[in-house]
Each structure stands twice: as C-alpha cells, then as structure tokens.
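Below are the chains, spelled out letter by letter.
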Number of protein chains: 4
Amino acid sequence: MKYTDHNTVEELKIAYVGGGSQGWAWHLMSDLAVADDISGEIALYDINYKAAKTNEIIGNRYKDLPDCASKWNYYATETLEEALTGADFVVISILPGTFDEMAVDVHTPEKYGIYQSVGDTTGPGGLMRTLRTVPQIEVIARGIEKCCPNAWVINYTNPMTQCIKALYNTFPGIRAFGCCHEVFGTQKLLVSALADMRGIKDVHRSEIKINVVGINHFTWINKATWRGEDLLPIYREFAEKYKDTGFNGKAEINWMNSASANSSRVKFDLFLRYGAIAAAGDRHLAEFCPKSWYLTSEKQANSWGFGLTTVDWRKKRQSDLLEEGRKKASGEQPVVIRRSEEEGVMQMRALLGLCDFVTNVNIPNMGQIPNLPMGTIVETNAAFRDGQLTPVFAGPIPAEIDAMVRRIASAQLMLAEAAKERDLEKAFAVFVNDPLVDLPVSEARKLFDEMVEGTKEYLQEYLK
Amino acid sequence: MKYTDHNTVEELKIAYVGGGSQGWAWHLMSDLAVADDISGEIALYDINYKAAKTNEIIGNRYKDLPDCASKWNYYATETLEEALTGADFVVISILPGTFDEMAVDVHTPEKYGIYQSVGDTTGPGGLMRTLRTVPQIEVIARGIEKCCPNAWVINYTNPMTQCIKALYNTFPGIRAFGCCHEVFGTQKLLVSALADMRGIKDVHRSEIKINVVGINHFTWINKATWRGEDLLPIYREFAEKYKDTGFNGKAEINWMNSASANSSRVKFDLFLRYGAIAAAGDRHLAEFCPKSWYLTSEKQANSWGFGLTTVDWRKKRQSDLLEEGRKKASGEQPVVIRRSEEEGVMQMRALLGLCDFVTNVNIPNMGQIPNLPMGTIVETNAAFRDGQLTPVFAGPIPAEIDAMVRRIASAQLMLAEAAKERDLEKAFAVFVNDPLVDLPVSEARKLFDEMVEGTKEYLQEYLK
Amino acid sequence: MKYTDHNTVEELKIAYVGGGSQGWAWHLMSDLAVADDISGEIALYDINYKAAKTNEIIGNRYKDLPDCASKWNYYATETLEEALTGADFVVISILPGTFDEMAVDVHTPEKYGIYQSVGDTTGPGGLMRTLRTVPQIEVIARGIEKCCPNAWVINYTNPMTQCIKALYNTFPGIRAFGCCHEVFGTQKLLVSALADMRGIKDVHRSEIKINVVGINHFTWINKATWRGEDLLPIYREFAEKYKDTGFNGKAEINWMNSASANSSRVKFDLFLRYGAIAAAGDRHLAEFCPKSWYLTSEKQANSWGFGLTTVDWRKKRQSDLLEEGRKKASGEQPVVIRRSEEEGVMQMRALLGLCDFVTNVNIPNMGQIPNLPMGTIVETNAAFRDGQLTPVFAGPIPAEIDAMVRRIASAQLMLAEAAKERDLEKAFAVFVNDPLVDLPVSEARKLFDEMVEGTKEYLQEYLK
Amino acid sequence: MKYTDHNTVEELKIAYVGGGSQGWAWHLMSDLAVADDISGEIALYDINYKAAKTNEIIGNRYKDLPDCASKWNYYATETLEEALTGADFVVISILPGTFDEMAVDVHTPEKYGIYQSVGDTTGPGGLMRTLRTVPQIEVIARGIEKCCPNAWVINYTNPMTQCIKALYNTFPGIRAFGCCHEVFGTQKLLVSALADMRGIKDVHRSEIKINVVGINHFTWINKATWRGEDLLPIYREFAEKYKDTGFNGKAEINWMNSASANSSRVKFDLFLRYGAIAAAGDRHLAEFCPKSWYLTSEKQANSWGFGLTTVDWRKKRQSDLLEEGRKKASGEQPVVIRRSEEEGVMQMRALLGLCDFVTNVNIPNMGQIPNLPMGTIVETNAAFRDGQLTPVFAGPIPAEIDAMVRRIASAQLMLAEAAKERDLEKAFAVFVNDPLVDLPVSEARKLFDEMVEGTKEYLQEYLK
C-alpha cells in the first residue's frame, strides 16, 4: 500500500476469501472499478479453485471497459495463506457447507411444523449453520492472525453475528466488522413513507439519518430524521395506512415473485405494538419473533405478505449465476460497471483516510449499547475514519423491545460458546429455547439429532 | 414502640392489610405468640370487615394459651388509615378481586389451549391479575406514605414482583419488601439430595447456604454449600437419578393430591440443561418457560409430575378455611400455636435489632444483580439488621439462563408501566409476547379482550 | 427556516447571546459570509446593548464585500426573548461579570501563593466564575425553553463544563453542546510531530483522526492515526526530543509574547509519565494538576514554558478590540472575510443535513465514557448529522489518568450542585479540595471568603 | 478437618504465615482458646524461625490454663510449604522488610517536608512498602495455590489493599480477604456519641449497624442505625460539639501518649464538610487527604489532635514485645486468655457453618461498589456463611467524597500494576501524584530515588 502525492492509494492488496462467489464478488468488482482514488490487486481464494479462477478472468475484464476509472489486478490463489499474506483488506463471503446442508437447515424442521423464511441466521437452520460455520471462520481468523494481523476484515457471511464473534474469539486483536444491507432497505422504506405521506420525492436513503440499535437482522431504528424533522410520526401514519394491505414500493417487485421482497407488514405490526422500527426485511424479522406470530405455517407467512425462501429457489438462482459467470468469463456476456448499493468500497476508502463515513456495522459491544453484555456482536452506527473504526454511542435497547432482543442476544452468546467448545449439548440448550422451536423437549431433541445427522459431514469436530 | 432495659420491644403496632385473610393471618398469630422479645397490637383491616372481626376474635384467643410467650392485642379497623396510622410494620396480604376473576385468569385461556398451573404470577392470568392488583396496591402505598412513612412493609400478595414495583412506583421512599417461601422448598430439596445421595440426615434447610439470583417464582440458586462443601455436584447426581421418575420427599405428599406438591422433574430438567437450580415449585417454574416444554396440555403437565391448580380447588380450600375460621372464632375449634415456616416475625425482630438475619427477599434492583435493569424487582438474599435491609451482592444472572430470565424481567417492567399508566395497549404488547401465549396476534387479541371483559369490574380505570 | 430545491437553507434565525462580544462574534460573521448554502438573520442580544448595536453595523457590512457568498441580516435586540423567539440556533458567548471580578478570580489567590495561568475553568478562579455564571446561564436556559425549545444551542462561554451542565440542569430537553478549539491545537501539534520527526509536510489538522476522552480543557487523546499509522509512537519520540526545551511550532509565536502560546512541555511531561496526550494548551492543563508540578510560582510556570495570563493583559486586549470594533463600525477599518478555525458554522450545516461531520464536543455523559458518572459533562467526539447530535463511543478514561481526571470530574459535579442550590458551603467543600488550593483548611476559608466578598455583586443569590 | 455429631469441628489446620509475630499471634491464641466448637493445630511459619519457635512454646502453654475451652497444638515449620500443606485457613501477618526500611519509608520524606502519621498504607511510605511487599505476597500466593488452594486466607498485613490485590493477581482462584479493625473504632465513636449526646450507656459497638463503603483505612460509613434510629444526625451534633477540642473517649488514652489514639478531629472535620463518616483512625485518614489539610508539619498534625508515629516508637514497642515473648516462653510471665477485639476466629467459625456473621472486609470489587472499577480492593460489609463469603451491596461511593476516594482507588490500582510488573517508572507516576507528595516533579524524583536506594535490598527485582 502506498499513498501518492495526489491523495490516492496505490498497490492495495485485497484478499477475497470465498473469492469464487457470484453476486457479492461482482458487486465488489464494479464498485472498485469506479473508485478512482484507490488501486491495486485482489487475491481470490476459494475452496472451489475453479470458481476463483473464473472470477479472476471476469475481474480482469473490467480493466478494458471505457468507464473503468481504476484498474485492479485479479488473481486466484491456491492457498488461503497466499491470499492473506500482506493483505490490507480481507473480504469474507463464504458458503458454509453446500445447499444440501442448507436444505436440512431449512426443510427438516418443516416436518416438525417449523417454517423458516430464510434459515441462515437464527431458528433451527441458523443454529445448525452456525455450528458448521464457526470452525471454518476460525481457520480464516488464524490465517489472518498469521499473515496479515493489521488488515481490516469485512465479513458478509451469514450468520453474521456468529461469524464476527468467532473471528474475535479466535483472534482478539482482529480488526473485523460485518456489513449488511438490510438496514438500507428500511431507510428506503422511510423514503417511501416521506413520498407517500408527504409527497416528498427524490430523497436518497443516505439522507435519512438514523440511530441503529440491536443485533444483525433484528436491529432497530429508534430515531430517524430528515431535514431536522422527526420521521417516526410520519412512519406511524404510514404504518397505520398500510398495516393491513402491506406496502410495495414498486409494483413489479412483489414478494410472490422475489425471495427478498416483502410487504413490510411485519415491520408495521411490530412498530405499532412496540414503537421502534425493526430494520431488516420481514423474512428475517419473523424468524426472531414467537413462531405463532408470523410463521405458524406458509399460509400465515403469506398472509403477512412474505414467502418462504426454499432451497430449490436458491439452487436455481445459483445455477443461473454460475451460467452467468461462465458467460462473463468466456466473453459471451459483457461485464458492465454498475455501482452497487453495498458500502464496502466506501468503508475501505474511509479507513484509508480518503473520506469520513458513518454507517451501520456489526462489531463487538464495548458499551455502544450499554444494556447488552459486553462482547455481544451488535449492529449500530460507527464512524469510519482514517485508521479507526469507532462505534457511535447507540444507547440502550429500548425497554419495549428489550424482552425480544435480549432473549436473542443471550442465546447467541451461549451458542457462540457451544460452537467454540464444539459442545452439542450446550447447542441444544439454545436450540430448545429458540422462538421458532415450539416443541416439547423430547421432540426438539429428535429434530436436533436429525439435523445434526443430516449435516454431520460438516460437524465432525462436534461428534468426536 | 418502646425498647425496654431487657432488650425487648413493647407497644409495637402492626397493621395487617387484608387482615381478614385465613391461613397467612393465622400463621402470623402463631409466630407472634412465641416471639417473647416483642409485643404490642395488630390492627386488622380488610375490605371484608366481618372477616377482620373474625380474625380479631381468633387472634385474641392466643393470649389464653398456656404456651403463649407474647401477648398481642388484635382489633379490626373500619378504615385503612386507622390501621396504618402509627404502624411500625405493615403486612399486606390481599386477594385482588374474587375467585370469579381468578376463574377468568386461569380458565379462559384454556379455551385457547393455554393451560396454567397457578395463574397468579405470570402468563395470561398473572398479567390480568396484575392489572387489577396495581390500583389497589397504589391505594395502600398512598396510605402508608400518609400515615406511617417509616414503617417496614412486608408484602405476601401475588403477583409479588408487581406489588413491590407498584409500592415503590407510588411511594419511592417506602421501606417495602416481599417475602416468598418458594426458595425454602428448594433448600429442602437440597436437604433431600444430601440425605438421598450421601445418607446425611437431619439437616435443617436453614443450614444450606445458598446464593439466590433472579425474580420471584423464577429465581435461581447458583451456589449452595453445606459444611463448606459445594452441593451442586451432589444435586447433579440427584437430578440425574430422579429426572425421569421425579422425587417425592414424602410418600404421602403427592402432586396428584395436593395443589402445591410436585415431583421436581421440571427443576431437574432445567438444571441438567442450564446448570442452575430453579428455586420455586415446578408449578410456578413451568409458567415462565416456553409453553411447549411443560404446559402444552394438562396431560403434559401431569407427565412432568405436577397438576394444574383449578379455581374450584381454590374455592373449596377457601370454603374450608372460612369454616375453620368460624369454628375458631366461636370456640368450637381451639386455636393452637404452631410455629410456621414463614420468616416474617424473624425479619421484624432483625429489623428491630434483636438479631441479625440473612435471607431471600424481593426488592428493587439497585445493583445486587448488575445485569438486570435498575429498578427491576429482584429476589436475592438480603441482610436484615437493626434499622437496615441491605441486599447481598448476588452477582449477574448466569449467561446460561439470561435469555429466559431477562425475557421475563423486561416484560414485567413493561407490564408495570402499563398498569401504572392504565394502558391496555401496552399491556397487550406484553401479553402477546408471553411464553405461554403461543397464539397468532389476532387470536391473542381475542383472548385478551375476553379476559378484560370477564374481569372488567376491576379494570374500570383502564376502560375510560 | 426553509429548505430550497437546490439543497440550501434560507431564512435561518440565529440568536447570539452575548452578541456584543468582540472576537467570537466577528469569527462567526466571517464564517457565515462564506457559507453559501445557508442564509438568514442573526439577532444580537447583549446586556451591553450598545455593543450589540456596534456588531449589528459591523455584521451588515459583510454583505457589501465582493467575496461574500452568503448575505446575512444582523440586528441587535433589546430583550433576550426577542432574540430567542423562533431561533433555529442559539450561540452563547458571554462574559460573566466584568474583568474586575476576573481580577479577583485570578489575582486574589496570588496573595495566598496560588498562581493560575488562566483562571476561567478550574482552580479558585474557575470555581468563583462558576458561581456567578450559573445563575446567568439559568436565565438563558429558561428563555430557550420558553422561546425556542427545539433550537440547537452552541455554547462558547467558560467555564464550559459548568455552563453546559447548568443548561441541562435548568432545561433537561435542551439541545445544547459546547465547542472548544483547544483540541485542534493538539491536532496541530501532532501535525508538527509528523513534520519534525518524519519530514511529512502540509498535513491539515483535520486529517489527523483522534479519539477524544475527558472533560473540557482536560481532555485526552488516546488514539491518533494518519494514513492508518498509529501516531503515538511518533509523538513519543517527539516528546522525548522536546521535553526539556519545549517545542514552538512557529518561531514568532512565543509564549513570552502571547497569552495563549506555550511550549507544550506540560503536555510532553504528562505524556511521558501517563501515556496519553493531554489535549489542551499547557496553560489550561497545568491548572488541573497538583499545584506543585507546574504552578508553584510564576517562575516555575515560566520554566515549563508558559506564562500566567494577567487580567491586565485581558483588559488591554479588550480595549484594543473595542477600538477595533469602533473602527470597523465607523468604516475607518474595513471588515474582511477570513475563515476562522472555529467549527460552529460547519456544525450548523451538518445539523441542517447539508453535510456529515465528526468532531469533539462537550455534552452530558450518557455512556460515551462509561467509567465517568452519567450526566458528567464530557468532551468526546460526536457525529453531527441531519437533526441529530450523537456521541461517538469514546471508551473509558484510561486507568493511568483516571486518578487525575476523575478527581476533577467529581468535583465539577459537586460544584454544579453547589451552584444550582446557591450553596456556598458545598462550594467551599470543593474549593478546599482543588489541586491548586494547597492551603490549610482555615487559610482556604479565608481566601474563599475574600473572593466571595470581592465578587459579591454577582453572588447575591448565594448570600441571602 | 472433621465435623462431629455435636456440631463442632475438629482437626482443623491453620497455617500462620508470619507466625513469629508478636501481638497478632497472641491475640489469635487467646481467641482460639475460648472457641469451644473448633479445635486443631496451628503451623507457625516465619522467616525468623526462632521467633516462630518461641510462639510455638507460648501457644502450647494455653492448653494448661484452667479457662482454656479449646486445646490447640502449635508447631513451628521450617518451610512455607510445610505450613500450608493441607491448611483449612491461612493467616498472613508479616513485616515486609525490617524497621530499617520502615525508617526510610517514614523519615526520608521528612527531609522534603513530607510528614506521615503512619506510613504503612499510602503516601510515599505506603508506596515503597507496597513495592517490597508484593513480591513476598506473590510467593505466599503461589504456595497457597500449590499446597492448599481451597483454604480461606485471612490477611492482616499492611498495605492491606495491595496485599489482597497481589494475592488475587497471583492466584485468581484464591479465597482471600483482609481484616482490619479500624472500622470498629469508628463504631465505638458512634457509641460514644450516643452516650455523650443522648445519655445512652452500655451499647456495644456491634449493636451499631453500619453500611461501609470505601477502601481500607479510607472507608466510610454512610448509614448507621441503632434501635432503628438514624445515627447520622446525632453524630452531626457530636461532631459540632467536639470539632474544635476533639473527643477523647477515655481520659487516660491520649494521643500524646499513644501512637494509635487520636481526638477524632480529622473525622469531624471531614464529616462536617462532606457528610459521611470516615471510618478509620485520624492518623490513617490524614494521609489520604491533601497534605495541606492536616500534615503540613508535625505541629499541624498535633493541632488536629494526633501525633506522628515514629519508627523509634515502633522499635521500642517491638523490643518490649520481644521481651514479653521471651518471658512468656520461658514461663517468667504467665500467658492469659483475654478475648481480643479481632474477629478472625468468628469469621472462621462462620465460614465453617457454625454461625452467620456480617462484618466489614477487604476483597475485590465485583460490583458491591458499582462506581469503583471492578477488581479494586474495597472495604465493605460481607456475609460470612458456611462455605461462602459474599459481599453485601454497599452502593456507590457518595458523590461528595468521590473525588477523594476515586483518586486513591485509581492510584492503588496503578501501583498494583507497577508492583506486579516490577516497574519503577510506573510506580513513580503514582508517587508524584500522591496527595502527600506536594513536590515539583524533579524534587519528587529525587525523593523517590533516595527511598528506592534506601530500601534497595528488598527491591532487587525492580532494579535489574
């Protein structure tokens, strides 16, 4: 890494762990291509070396585009160490296990009447995914400690909270944070509320200033302003108006057709009862609430305006992306630069001192939320400034939602211990108390054992 | 109140609010009769004046017993103020509403598949009971502020937590605490474990020293010693031995025949999963846990070795006690002195400086449990010493049970606000998130409304 | 206040309390004149109406300058209410009492061997100044509550901590913060260290990112980075190099000639002993330390490279400024636009949503420094964003300086109580424990009484 | 250790480290001789083996006394390990270094105008004593960890705070606490106040119930009751009455004749200014306050009614005690049983389960004083119960004394680090900020170096 006289940074090295991934990796390529004050190389490491190689080809195509403002050199590496050595930034975006394991996460509980709308963060599926993810994250953390201890580490992998916790548990000196765009969607909903209730158009989500307090995918906005005005009263009117019908920002994006769309009815329901804005998609939120509220059945979920994401859908999407990747690599399909909504590159630039930036992020609680245990991985705003990532003081979890949030936060801490200690009994103690697991203890045990059996290839260290 | 040269206290005045009660009042009469270093008068106030009158007669009979060591003067008062004026101690033991309201508390939810083993503390029943109790407690608190602001106030009424909270909310300077004997039963279980696993006999429960940390009826023992030995490993063996069959200390006390007996299977189950000893009867504990664990149905409850307490059973018991009271008052049945297991008189003596005493008590959290919000009503040990009641530092809620305990504690704080503000919407927000209420939101609302309707005579202030 | 389509704000109203002041007011005029995205009016209120009138004339002259990018309308008001009504921002920059009182603050203690280098913040002088300032600030706070409760309030008056505390004590809903440029000077010293030790030139102080933790004029930097590099090791080398000789950034600014210049020897001494960078001028820092270290005598102060600011010097400067004001108003001397180093206008723009901004500020502790009492007025970074001022989480006061900082912070809280309650006895209890007051209790009392007597015109409410 | 059927404990082993000591050891012998429900052996270890041998003879003489209720076997050991192996209790009462080192502690600072009334806890003397004590305590802690990790460890050695801190720093699992009788003296002063102001006689100090909050020798009573009455108003009258003349409980005990007597004027002065009762002898208290208050000179100390304890006086007393020891061992002087005021044996009995006991003790802060850092060694009440030592929740340091107490507490924590790390520079950073060290930094350094030189025989590990 080298600063130039023109206040730019050259010769940066970014290590991308899970560098064969589609989607996320391509977003990054686009965003880097337009970042005209930084340049360097991206080492792509993936357990699927071929996929990393494909991305190497795709990435290097960006240089040829006329609108490419910054040329980056992409290359696949055969080992994790090779990718990490000397890295200034590390991006982690991996899939722990395969979609076959995810099918167990999501669909085995259905036999017991437990439906999950995502299944990668919490609930039985999120828990199992945690158990197999943590050992992999530990390997990466140890690699970072050895090869690039001062690198900034950006994680995109779910379960976000558990990945960040495992990174810090393994290498306490790590400079890691987790990024998630779910909060952005809620800022956009506030933009929609401004438009719908006040006729104010063309506000960008980043103009809506919010206070974020909670944990990933179950974080909350308890303060939102635009041009100095408190937006919560407007949001209340908006929620009242759409609480029964739901709100769809754009007609063509309908939850029936898209795994990530939703009608925000869950958010409205929670807000009208508890007074804070849950800041994630309804699919995620529903999984943290008592099962009876939104997820008793697929039908109930649909009645709240969201669908269940099946693993078949995921497999189909992945297959499409693989095909897209193949075409991009072969030149059948052109690569194009399209600035994504992600903030990763912005954060890098801020950490390099090229701008100041305040946004939401997942890091260990050191007091930014004083009424959650220290060390809980929390999602709040933070200031990204040259060489420093400092949480903004978010304040306590509001009393009205404390019962819900603390229940999850404490369970996550205990699950992190279970994973760290490879202790299935401790994991079960969390499992049986999950909001979605409304089973008698013996039934819960049967489900748990069945899920462990179904994903045992990735749980060998727990089964010794 | 007057101290004598012989280190005794004369001319004490005790105000008994709910002074027409059976059971509790008679225990107190017995315990006072043997307390040879204190004497004075007891003013009995009850909304049922006749019942207080009956207890006046009964109370005054004790003086004639040959084994009466301390003569007390009992008298009924027509007003609360008369009873409170000049009181050194106030005892509160009232029934909020009648058993008809309690029938709504306990049995209306059954129509929605919700079974409660007690229904007076938490769950839908405990919540409704809270709503109608708090306004009554507020009246008493204002009376105390006016008539005897320095009196020590002992509450026995359930819901304990909410009564203590309402006392302090109304009169922040009050010197109130709540007493509950559920912890004693758990000490006795430890005595049984010592006997059963080690053959050690004749240990009294008070010899088992414990650390108590939690909230009433859902408090926990995370440290227990006898003769310097850690009892938790012994309890673990004991729990393993009896986890499937349950343990009945005495053959004749069987949960099938007694509303308060239980087989401790719930306690064993919780201990083996979470590592701390839940310190209340199984009937109470079950109501704080996810419904699916122990209370899906009466049959499931029975399979865990405890029964549901019906209101009919309560009515029958009350009727028996009324008859017993009539006989005692008329002289058909003699009064007898039998030292109860309650500690109220011991606590009074300690607060008067006649002894030192450490036991468990319910008071606002001022830091004795540092990871619960300040002001939460917590149950921990406290030192009773001349003129001072000081909590022992209990330490944090252990991480393993934090998800369960915090969920309840936060809900209770929010419910206290709802009751204080006479806000049914806020109350419903708690209701729908109760561990026993596993209903879709709309169904939960129907149940809630039905329960409000059924007890509306006592909820007028909420319905304006 | 009105937002335009071009993302500018018009018709702002700024109330300037102390609007007759020289210096500060003129800085603001300059900075507003170049702020091309905001415009409006400034109401100048001063107990010296004539001074406000003079500034009205001066302020309105800026409009005629060719480089004036934003035209503001200045007008003096006869009442505080008139100035405050409808204000969007309030600036407070007053002199509590006159320089005659300040002469008592600074010079009476000299008779007792107590020398102060500033005397407006802490020490005997700062304490007396607090006593007479708080009642005046209370009047302003009540005015704000009545006339413009939602206005943002920027205080520049010393004692900063006590002014902010009094504002919040009087009107808890106030949106006030205190600005101080002392930290900027320390950033500049870091810039100098970079240049001196590494030959790196032309860094602007705002590029040095710092973590600020402490209380006004005694706040500390425990983290500083530039281009990702930790600056503390560089600062250590720098401190070692200049610890004996002192460092003067510019030869012509010498502490012998300037009341605010210093050689940073105090900062170096503190850093080398305690490991954190004290972030204020040496004159201020010395007053918070044990008297024996730097302020036993004027000679000792000089030997540490700083001088004592006499009130004569202040009177002279004021007289010069008055003359300068007269000339500016009469047109004898032109007004010129020169962007000041102050950040007030930048903060206003950020709070209006025109930019984001992170800088240091004085507000009540709500947990941003978790080991200082809540409500202590602390100086840390904060994020200024559209409609929100949120502290950055600064972290605990480092253990090495806790003894020094806590001592001051606790004394300030107690002094705030004394002032609020107009309680001279409580004030004396703080006075006698001040680091500079190394007197036997009876001597301290004599000095205290003498100072009260000397400033009694402004302490009438304490003397009833 | 063996419990009998009669609720007594036999075959206890007590290890006495510093077992050759006079005074403390003999008190213990007396108290054990009357403890009729415990018996066993005492292993006496001392670096002066001969002294331990002498005490072995003296201790074994008690068995022959007609009023000896409990016979204990005393024996000297040649190694620490031998004494510790299998011990149920460990008593630590050592002299770190000799009186020659103590002469440096106490008298070298006098050359710099610094007078100390005790010199063993704080101030320059206490600091130096800490430096040489900690390494010795570490050896004992490691011995305990190895030989008797479950033993209860009672420390009587000064500096108390630093000894306890070093024990826990070295062996975190240790069950150690520190006992100090200074608080008892303050309880007795309250007894005197009751007698003097109210004519109430024959109250025993243990009847005065107090809340204790602070650090050893600078701990405070902020609540005191007797027969339910708040004693603080009475104490205020008492302090007002005697603030100028001082109060001497018994005419013959005059501070002029006794090193430990004092007139309580310091306590009265502090109380009337800060509202809490400082709970130690004036000699100790004065050393924690700004030097100018009470210790500018010997004359000033005397004017406040206390004297300076010279090392010559200590040497003389030791010599007398040695002679007394010799006579007791030889039989020239009889041993007699006289129950001491110390509570060590009572505490042992409580920890064995033979009684319950609440008293003040020094242990690490785990939240019993929530506004002092965790791990600070604090003095508060604690409950001694069978197998458990649990702090009573003392509450926060009152705001009025926080500036004074926190300053000391933070310095002690930093000094503990300095001693643990054998870091003289860190020690000096504490030294120069001590309330008694009112010297310019360079002068302070000279004193520090001189004291290190004068005690270097015991500071070898710091000087490498």
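Residues numbered from 1 in each chain as written. Chains lettered and ligands numbered in written order. Predicted model: local features only at pLDDT ≥ 70, side-chain atom pairs only at ≥ 80, totals over all residues.

Some thoughts on the packing of helix α16 (residues 424-431) of chain B against helix α17 (residues 441-454) of chain B
Residues and elements named next belong to chain B.
Stage number 1. It is at 11 Å that the axes of α16 and α17 come closest, and there the two elements cross at 125°. With respect to α17, the axis of α16 lies oblique. With respect to the hand of their crossing, α16 and α17 are arranged in right-handed fashion. On α17, the residues that touch Leu424, Phe428 and Phe431 of α16 are Ala444, Arg445, Phe448 and Val452.
Stage number 2. Classifying every residue of the contact of α16 with α17 by side-chain character gives six nonpolar, no polar and one charged. (Axes fitted to C-alpha atoms, helices over the stretch in contact; angles between N-to-C directions. Helix = DSSP H or I, 4+ residues; strand = E, 2+ residues; numbered from the N terminus. Parallel < 35°, antiparallel > 145°, perpendicular 65-115°, else oblique. Left-handed = near helix turned anticlockwise from the far one by under 90°. Contact = placed C-beta atoms within 7 Å. Nonpolar A, V, L, I, M, F, W, Y, C, P; charged D, E, K, R; others polar.)

Some details on the relation of the copies chain C and chain A
Both copies of the chain are placed relative to one another by a rotation about an axis and a shift along it.
Stage number 1. Relative to chain A, chain C is turned by 180° and slid 0.0 Å along the rotation axis, the superposed coordinates differing by an RMSD of 0.0 Å. Both copies are brought into coincidence by an operation consistent with a two-fold rotation axis. Considering only C-alpha atoms, the part of chain C nearest the rotation axis is Val392 of chain C, at 2.0 Å.
Stage number 2. Most of the interface of chain C is mirrored in chain A, where 100% of its interface residues again form contacts. (Least-squares fit on C-alpha atoms with pLDDT ≥ 70 in both.)

Remarks on the relation of the copies chain C and chain D
Stage number 1. Mapping chain C onto chain D leaves a residual RMSD of 0.0 Å; the transformation is a rotation of 180° accompanied by 0.0 Å of translation along its axis.
Stage number 2. Same-surface contact between copies: 100% of interface residues of chain C are shared with the interface of chain D.

Quick look at the packing of helix α5 (residues 123-147) of chain A against helix α16 (residues 424-431) of chain A
Residues and elements named next belong to chain A.
Stage number 1. Two elements in contact, α5 and α16, have axes separated by 11 Å at closest approach and are oriented at 160°. One way to sum up the angle between α5 and α16 is to call them roughly antiparallel. Crossing angle aside, the handedness with which α5 passes α16 is right-handed. On the side of α5, the interface is formed by Pro124, Leu127 and Leu131, while α16 contributes Ala427, Val430 and Phe431.
Stage number 2. Considering only residue class, the contact of α5 with α16 consists of six nonpolar, no polar and no charged.

Quick word on the domain arrangement of chain A
Residues and elements named next belong to chain A.
Stage number 1. Under the domain assignment, chain A is made up of domain 1 (2-98 + 115-180 + 324-351), domain 2 (182-311) and domain 3 (412-462).
Stage number 2. Placing a centre on the C-alpha atoms of domain 2 and another on those of domain 3 gives a separation of 31 Å.
Stage number 3. Each partner contributes to the interface: domain 2 provides seven residues, whereas domain 3 provides four residues.
Stage number 4. Classifying every residue of the side of domain 2 that touches domain 3 gives five nonpolar, no polar and two charged. (Domains from an automatic or database assignment.)

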